[in-house]
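Residue-level listing of the chains:
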Amino acid sequence: MNITSLISSLIVSGSLGYLNFVILLKQGTINYYKNNNDEKKILLVFFGGMNYFLYLLIGSFNSNVRQGDYLAISLNILYVALVSLLISFAIAPWIVRLANYIINKIRDRKDIGEIDTLSANDYFFQSSEVQRIYVFNLKNELVTCGYLEYSPSTDFSENSLVLVPFENEDYEKNYAEVKRDARKYKSRELFNADLGLKIIDLY
């Protein structure tokens, strides 16, 4: 393989591998937490290897790529990018779901809890219904409250919430009142020990 083609293949495999990772992350197919860097590295190496294989496979049909022809290399990179993106959007999600299904079946037989690609934050705030959010500290003092307008798709320890103030002051309640309402309506509570916050969602 020509040195130009070799360098191009390595650059493409690395950059597209990271793009694959980001696309799957944004789709919710995989999830990344600040404490699982090892898993991220494994995925990046996997996607990088996949793209390198695609580069070699597609380039094998064009001898000009191996000889270092710039136009042929550019077209090869374009073909690899298109196939790699197709895999990210159409094929990889099904592979991940199948892998998770098999893993969860094995874990179920061993009486181990199932794994999920959603973070606790995404699971908690992912709802199409209007969510009334109350944030309390460990002393049960109200920190803030309001309608949830936006929550980034990352672990709660690394993001903030966008809340819209209640139009009715009667909705601003203390911890005991909110807990009482939580027993009457649909509700969920997210506890974050690191931040010392209890977040209650009434919906």
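Residues numbered from 1 in each chain as written. Predicted model: local features only at pLDDT ≥ 70, side-chain atom pairs only at ≥ 80, totals over all residues. Heavy atoms only, no water.

A word on the overall build of the protein
Inference 1: When helices and strands are tallied, the protein shows 6 helices and 5 strands.
Inference 2: Going residue by residue from the N terminus, the α and β elements of the protein occur as α-α-α-α-α-β-β-β-α-β-β.
Inference 3: A globule of 203 residues ought to have a C-alpha radius of gyration of about 17 Å, yet the protein, at 24 Å, is considerably larger.
Inference 4: By principal-axis analysis of the C-alpha atoms, the protein measures approximately 75 × 45 × 30 Å.
Inference 5: A total of 203 residues make up the protein; the buried ones form 35% of that total.
Inference 6: Residue pairs in contact within the protein that sit at least 24 positions apart in sequence constitute 58% of those at least 6 positions apart.
Inference 7: Approximately 12,800 Å² of the protein is accessible, and the part contributed by carbon and sulfur atoms is 58%. (Helix = DSSP H or I, 4+ residues; strand = E, 2+ residues; numbered from the N terminus. Rg over C-alpha atoms; globule rule 2.2 N^0.38 Å. Buried < 20%, exposed > 50% of the residue type's maximum accessible area, 1.4 Å probe, protein only. Contact = heavy atoms within 4.5 Å. Areas by Shrake-Rupley, 256 points an atom, 1.4 Å probe, with all protein chains shown as cover.)

A look at the confidence of the model for the protein
Inference 1: Scored by pLDDT, the protein has a mean of 84; 90% of the residues are at 70 or more.
Inference 2: Per-element mean pLDDT across the protein ranges from 75 in helix α5 (residues 120–125) up to 94 in strand β1 (residues 132–137). (pLDDT = per-residue confidence, 0-100.)

Examining the pattern of salt bridges
Inference 1: Taken as a whole, this structure holds 3 salt bridges when the rule is applied.
Inference 2: Salt-bridge contacts for E189 lead to K179; the nearest nitrogen and oxygen are separated by 3.0 Å. Taken together, the residues E189 in strand β4 (residues 187–192) and K179 in helix α6 (residues 175–184) connect sequence positions 10 residues apart.
Inference 3: On the accessibility criterion, K179 (24% relative accessible area) is partly exposed.
Inference 4: R188 serves as the salt-bridge partner of D201, at 3.3 Å between the closest nitrogen and oxygen. Placement of the pair is D201 in strand β5 (residues 197–202) and R188 in strand β4, with a sequence separation of 13 residues.
Inference 5: D201 sits in the buried class, given a relative accessible area of 0%. (Salt bridge = Lys/Arg side-chain N within 4 Å of Asp/Glu carboxyl O.)

A few points about a nonpolar patch on the surface
Inference 1: A grouping of I3, L6, I7, L10 and I11 is seen on the molecular surface, where their side chains present a nonpolar patch of about 470 Å² in accessible area.
Inference 2: By the secondary structure assignment, I11 is in helix α1 (residues 3–27). (Patch = residues over 30% accessible without salt bridge, like charges linked within 9 Å, V, L, I, M, F, W, Y side chains within 5 Å.)

Here's the deal with unusual backbone geometry
Inference 1: The phi dihedral of D111 falls on the positive side, at around 60 degrees, and the residue is not glycine.
Inference 2: Here D111 lies in the loop between α4 (70–109) and α5.
Inference 3: Notably, N140 is not glycine yet its phi reads approximately 65 degrees, a positive angle.
Inference 4: Its place among the elements puts N140 in the loop between β1 and β2 (142–150).
Inference 5: Looking at N140, the relative accessible area reads 31%, which means it is partly exposed.

Considerations on the sheet that holds strand β3 (residues 162–164)
Inference 1: Read across the open sheet, the 5 strands follow the order β3-β2-β1-β5-β4; overall the sheet is antiparallel. The two strands at the open ends of the sheet, each matched to only one other strand, are β3 and β4. When strand polarity is set aside, the average angle formed by the axes of neighbouring strands in this sheet is 40 degrees.
Inference 2: Bridge analysis of β4 against β5 gives 6 bridges, and the strand direction is antiparallel. The partner of E189 across the bridge, within β5, is I200. (Pairing = 2+ DSSP bridges. Axes fitted to C-alpha atoms, helices over the stretch in contact; angles between N-to-C directions.)

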